[in-house]
Amino acid sequence: MADSGERSACEATIEMLQKACEEDQSTAFSRTEKMKPCTIGASGICCKNCAMGPCRLTPPKKEGDEPKRGICGATAEVVAARNFVRMIAGGSSAHSDHGRAVAETMILAARGEAEGYRVKDRIKLLEVAADLSIEVADRPVEEIALDVGEKCLAMFGQQEGELAFGWRAPEARKEIWRKLGIFPRGIDREVVETMHRTSIGVDQEMENIILQGSRCALADGWGGSMIATELQDILFGTPTAIKSKINLGVLEEDQVNLIVHGHEPLLSEMILLAARSEKMIKKAEEKGARGINLAGICCTANEILSRHGIPIAGNVLQQEMAILTGAVDAMVVDVQCIYQAIGELSQCYHTKIITTSPKGRMPLAEHIEFHESDAIAIAERIVETAIDNFPNRGKVDIPDVSSDFTGGYDHEYINYMLGGRFRASYRPLNDGIIDGRIRGVVGVVGCNNPRVPHDAIHVQVVSELVANGCLVVMTGCAAQAVAKTGLMKPETAKDVCPQGLYEICEAVGIPPVLHMGSCVDNSRILIALTEMVKEGGLGDDISDLPAVGCAPEWMSEKAISIGHYFVASGAAVVFGVEWPTSGSQECTDYLLEGIFEQYGNSWHYEPDPDKMVAKLLSLIDSKRDALGILGKRERVLFDMAARRELSID
Ligand code: SF4
Ligand code: MSK
């Protein structure tokens, strides 16, 4: 296997990769070296949508050759567009099914049928109820919560009309959606229609296929994901700034280590309650442990970090690393981003993998099915399983690597911090952008992908953006990569920011990089962008803002759905790694350039981190120029010495 230091910028991961090598264990990193990607599939021009194929529509070998067509006659651009929007449908369905589960839990909680769940944020409930035109005056909280839950659940099966949360978007944006005919109707409807239109012999016009992809992606961002975020805030509390720690060093040698991994906080919130109960702590002590240490991986980690400050053991590529420490007594998983490989790996160490969702079972795992109606008892059973496994530990190797950071910056909290409790407002942010102290806002989101060095591109891109005066907001595994560097500590601002950005961070008490939560919480960024438009002075639409989205190390279909809902909402988006339609020049040109005319912005692809930073800054500056607020500025370039400084703890 290649030098571990080339595979990851994270010291704890490098240490565990060396251990994996010594103990001859397979990881996603080693499997990446053995599994070369199929270049035809990776470039989006392999169609297997019917049994006449699969058809591989590789470009003509020489000039004058006829372009290949599928057996049904499909062209490369149609196949690439179909594959692209099927990725959107996959991503949208994942986020949205998450949202559906939260809506169902809220209904149960409101009816008093889900012990342990209750409305925690009444103000947020009233705000959401108002947006959904639900009567609130003189009504008990439970009644309002029931109406909100039912109305949100109905959005999944809505057949006609406009998705209610879409009405939150700026007026100019809604008009674009209406003109293009892509204002989403029901969430499930858009996913189903996308699958139908891309099956053999239906939609055979590239642009029309992409339009439906946009409607499906918008149903995710302004639908399923937004429902998940809003209702989770109501049930579990809206996040506020909170300190925590990250990396494998948060595991404790003398405590029961229980890791929650996956996406939905419905279970992890209950596990947290159980793990903190005296009954469970006593049981752990009886087994010789000093206590119970709960930590998270992936987006579940982001959810319980944001609301409770629970430490994060690592991001998606560290799930196997955590097991390799030999210190994880149980890893409880629900849905999304859980590698099947952890089942087999757990057999070589003592870790118990516990699956909990009927939607996500795996071999070599114990299944303890989770139901909201009996959540506390099930959570206790899971915690007990971890406790009982504590005495079975063998050799333990916990890397002594962890970093402090501050998370929990949702859009309401940013609003409050900027303006204070009595004059909460985005005005100071907009003014900071207008007077040039903040060059622009960049949302850096998405996954890790072992096809590129783990965490390294996130860290380089974000550090350079900050050095060039950009405020960065982050979610998902990307946020966890950067949390390891110190850039998410308010006190770091003086060392890494230019004067203008530093003044704002210092005055408001924020770091230059804000952790905004999990993948579904990208919907918070949509609201923050909308608030900036409504505040005034930066144009009439999201497409006018000096704000860009970026996913440097993406891998999931969910990232494509997120990227596309940002583009369809008016933001430019830059992706790294691989461009999924690169086998069709026509489809790629359309997504990277052609759609600008319709949406006011487009996708961009740039895998090289240096060029990615240059592209992000030039996109921001072009918007500043159009707004008439472009001051002359040199780009701060990072040399090798500065790069070395970016090594992660
Ligand atoms: Fe081939 Fe057309 Fe079938 Fe796709 S739908 S596999 S291009 S015949
Ligand atoms: S967990 S979707 S690897 S961000 Fe949301 Fe991380 Fe990407 Fe999964």
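Along each chain, numbering runs from 1 in the same order as the chain's sequence is written. A letter from A marks each chain and a number from 1 marks each ligand, given out in the order of writing. Confidence filtering applies because this is a predicted model: local features only for residues at pLDDT of at least 70, side-chain atom pairs given and counted only at 80 or more, and all residues used for totals across whole chains, interfaces and linings. Note that water and hydrogens are dropped before the side-chain values are worked out from all heavy atoms of the structure.

### Description of the packing of aromatic side chains
Link 1 in the chain: Paired rings are identified among Phe, Tyr and Trp, the last through its six-membered ring, by centres lying within 6.5 Å, and are further divided according to the angle between planes into stacked (under 30 degrees), edge-to-face (over 60) and tilted (the rest). In this structure the tally under the stated criterion is 10 aromatic pairs.
Link 2 in the chain: Relative to Phe236, the ring of Tyr117 lies with its centre 6.1 Å away and its plane at 55°, an arrangement referred to as tilted. Of this pair, Tyr117 sits in the loop between α5 (76–110) and α6 (122–131) while Phe236 is found in helix α10 (residues 206–236), placing the two residues 119 residues apart along the sequence. Residues Tyr117 and Phe236 agree in their burial class; the two are buried.
Link 3 in the chain: Ring geometry for Trp177 against Trp222: centres 5.7 Å apart, planes inclined by 70°, an arrangement best described as edge-to-face. Pair noted here: Trp177 is in helix α8 (residues 171–180) and Trp222 is in helix α10, with a separation of 45 residues, a long-range link.
Link 4 in the chain: Trp222 sits in the buried class, given a relative accessible area of 1%.
Link 5 in the chain: Clustering of aromatic rings is evident, with ring pairs tying together Phe84, Trp554, Phe575, Trp579, Trp603 and Tyr605. Helix and strand definitions follow DSSP, with helices as H or I runs of at least four residues and strands as E runs of at least two, each counted in order from the N terminus. Think of it in three bands: residues with accessible area under 20% of the maximum for their type are buried, residues over 50% are exposed, and the middle band is partly exposed, with areas taken using a 1.4 Å probe on protein chains only.

### A short note on the site of ligand 2
Link 1 in the chain: When at least one non-hydrogen atom of a residue lies within 4 Å of a molecule or strand, that residue is treated as near it. If you check the shell around ligand 2, you find 13 residues, and the closest are His263, Cys299, Cys337, Cys447 and Cys477.
Link 2 in the chain: Sorting the residues of the shell around ligand 2 by element identifies α13 (298–308) and α20 (476–483) as the ones contributing at least two each.
Link 3 in the chain: Ten residue types, Ala, Val, Leu, Ile, Met, Phe, Trp, Tyr, Cys and Pro, are classed as nonpolar, four, Asp, Glu, Lys and Arg, as charged, and the remainder, Gly among them, as polar. Residue composition of the shell around ligand 2, grouped by class: 8 nonpolar, 4 polar and 1 charged.
Link 4 in the chain: All domain edges in this entry derive from an automatic or database-based domain assignment. Residues lining the shell around ligand 2 come from more than one domain, with at least three contributed by each of domain 3 (248–392) and domain 4 (406–627).

### Examining the domain arrangement of the chain
Link 1 in the chain: Domains assigned within the chain are domain 1 (4–56), domain 2 (76–236), domain 3 (248–392) and domain 4 (406–627).
Link 2 in the chain: The centre of domain 3, based on its C-alpha atoms, is set 31 Å off from the matching centre of domain 4.
Link 3 in the chain: In what follows, a contact means two residues having at least one pair of non-hydrogen atoms within 4.5 Å. Listed by partner, the interface residues are 17 residues for domain 3 and 21 residues for domain 4.
Link 4 in the chain: Where domain 3 abuts domain 4, roughly 1,300 Å² becomes buried across the two surfaces, and 60% of that area is made up of carbon and sulfur atoms.
Link 5 in the chain: What makes a salt bridge here is a side-chain nitrogen of Lys or Arg within 4 Å of a carboxyl oxygen of Asp or Glu, nothing more. Taken together, domain 3 and domain 4 are joined by 0 salt bridges.
Link 6 in the chain: Polar contact is defined as a pair of N or O atoms within 3.5 Å, subject to the rule that within protein one atom must be able to donate a hydrogen and the other to accept it, and that residues adjacent in sequence are counted only when both atoms are side-chain atoms. One can count 12 residue pairs in polar contact (both at pLDDT 80 or more) joining domain 3 with domain 4.
Link 7 in the chain: Elements supplying a minimum of two residues to the side of domain 3 that touches domain 4: α13 and β6 (312–314).
Link 8 in the chain: Here the side of domain 3 that touches domain 4 gets 8 residues from one element, more than from any other, and that element is α13.
Link 9 in the chain: For the side of domain 3 that touches domain 4, the residue count by class is 8 nonpolar, 7 polar and 2 charged. Buried area counts how much accessible surface, traced with a 1.4 Å probe, disappears from two parts once they are put together, with both parts' losses summed.

### Here we look at the site of ligand 1
Link 1 in the chain: Within the structure, ligand 1 sits among Cys47, Asn49, Cys50, Met52, Gly53, Cys55, Gly70, Ile71, Cys72, Ala74, Arg82 and Ile200.
Link 2 in the chain: When grouped by side-chain class, the residues that make up the shell around ligand 1 number 8 nonpolar, 3 polar and 1 charged.

### Quick notes on the nonpolar core
Link 1 in the chain: Judged by nonpolar contacts, the single largest core of 170 residues is most densely connected at Val148, Ile271, Met474 and Trp603.
Link 2 in the chain: Counting residues per element, this core draws most heavily on α10, which supplies 15 residues.
Link 3 in the chain: Here, the term nonpolar core denotes a set of buried Ala, Val, Leu, Ile, Met, Phe, Trp, Tyr and Cys residues that are joined through side-chain atoms within 4.5 Å. Listed in part, the 36 residues of the second largest apolar core include Cys298, Met321, Met331 and Val401.

### Some words on unusual backbone geometry
Link 1 in the chain: Cis geometry is adopted by the peptide bond preceding Pro54, which originates at Gly53 and carries an omega value of 0°.
Link 2 in the chain: Along the chain, Pro54 turns up in the loop between β1 (46–47) and β2 (55–56).
Link 3 in the chain: The backbone of Ser133 sits at a positive phi, close to 55°, despite the residue not being glycine.
Link 4 in the chain: Along the chain, the position of Ser133 falls in the loop between α6 and α7 (141–157).
Link 5 in the chain: Judged by relative accessible area, which is 61%, Ser133 ranks as exposed.

### Here's the deal with the sheet that holds strand β12 (residues 470–474)
Link 1 in the chain: By definition, two strands form a pair when at least two bridges between them are found by DSSP. Ordered in space as β13-β12-β11-β14-β15-β16, the 6 strands form an open sheet in which the pairing is parallel. If you trace the sheet from one side to the other, it starts and ends with β13 (513–515) and β16 (603–605), each paired once. Neighbouring strand axes in the sheet, compared pairwise and without regard to direction, differ in orientation by 25° on average.
Link 2 in the chain: Taken together, the 3 bridges between strand β15 (residues 572–575) and β16 define a ladder with parallel strand orientation. Its bridge partner being in β16, Phe575 is matched across the sheet by Tyr605. Think of each axis as a best-fit line through the C-alpha atoms, taken over the contacting stretch in the case of a helix, with angles from 0 to 180 degrees between the N-to-C directions.

### So, the packing of α10 against helix α23 (residues 522–535)
Link 1 in the chain: In the contact formed by α10 and α23, the axes pass within 8 Å of each other and the chain directions differ by 100°. One way to sum up the angle between α10 and α23 is to call them roughly perpendicular. Within the contact between the two elements, α10 uses Gly221, Trp222, Ser225, Met226, Thr229 and Asp233 and α23 uses Ser523, Arg524, Leu526, Ile527 and Thr530.
Link 2 in the chain: Broken down by class, the residue content of the contact of α10 with α23 amounts to 4 nonpolar, 5 polar and 2 charged. If an angle is under 35 degrees, it is roughly parallel; if it is over 145, roughly antiparallel; if it lies from 65 to 115, roughly perpendicular; otherwise it is oblique.

### A word on the pairing of strand β10 (residues 403–407)
Link 1 in the chain: Here β10 lies mainly inside the structure; 4 of its 5 residues are buried.
Link 2 in the chain: Where strand β3 (residues 242–246) meets β10, 5 bridges bridge the pair, whose relative direction is antiparallel. For Ile246, the partnering residue across the bridge sits in β10 and is Ser403.

### Observations regarding the pattern of salt bridges
Link 1 in the chain: What the rule picks out here adds up to 44 salt bridges.
Link 2 in the chain: Salt bridges here are not isolated pairs; linked through shared partners, they connect Lys124, Asp131, Arg168, Glu230, Asp233, Glu303, Arg307, Asp521 and Arg524.

### Let's talk about helix α24 (residues 557–568)
Two residues of an α-helix separated by three or four positions point the same way, owing to the 3.6 residues in each turn.
Link 1 in the chain: Multiplying one less than the number of residues by 1.5 Å gives the expected span of a helix. The end-to-end C-alpha distance of α24 is 17 Å, a good match for the 16 Å that 12 residues give at a rise of 1.5 Å each.
Link 2 in the chain: In terms of residue burial, α24 counts as a mostly covered element, since 11 of its 12 residues are buried.
Link 3 in the chain: Among the residues of α24, Lys558, Ala559, Ile560, Ser561, Ile562, Gly563, His564, Tyr565, Phe566, Val567 and Ala568 are the ones counted as buried.
Link 4 in the chain: Backbone nitrogen of Lys558 and a side-chain oxygen of the N-cap are separated by 2.9 Å at the start of α24; the cap is Ser556.
Link 5 in the chain: One or two residues past the end of α24 sits Gly570, with phi positive at roughly 110°.

### Examining α6
Link 1 in the chain: Inspection of α6 places Lys124, Leu125, Val128 and Ala129 among the buried residues, and these make up the whole buried set. Buried residues along α6 cover an arc of 135° about the axis, so they all sit on one side. Turned more than 90 degrees from where α6 packs its buried face, Ile123 and Ala130 sit exposed.
Link 2 in the chain: For α6, the N-terminal capping position is held by Asp121, with its side-chain oxygen 3.2 Å away from the main-chain nitrogen of Ile123.
Link 3 in the chain: Positive phi appears at Ser133, one or two residues downstream of α6, with a value of about 55°. As used here, the arc is the angular range of directions from the helix axis to the C-beta atoms.

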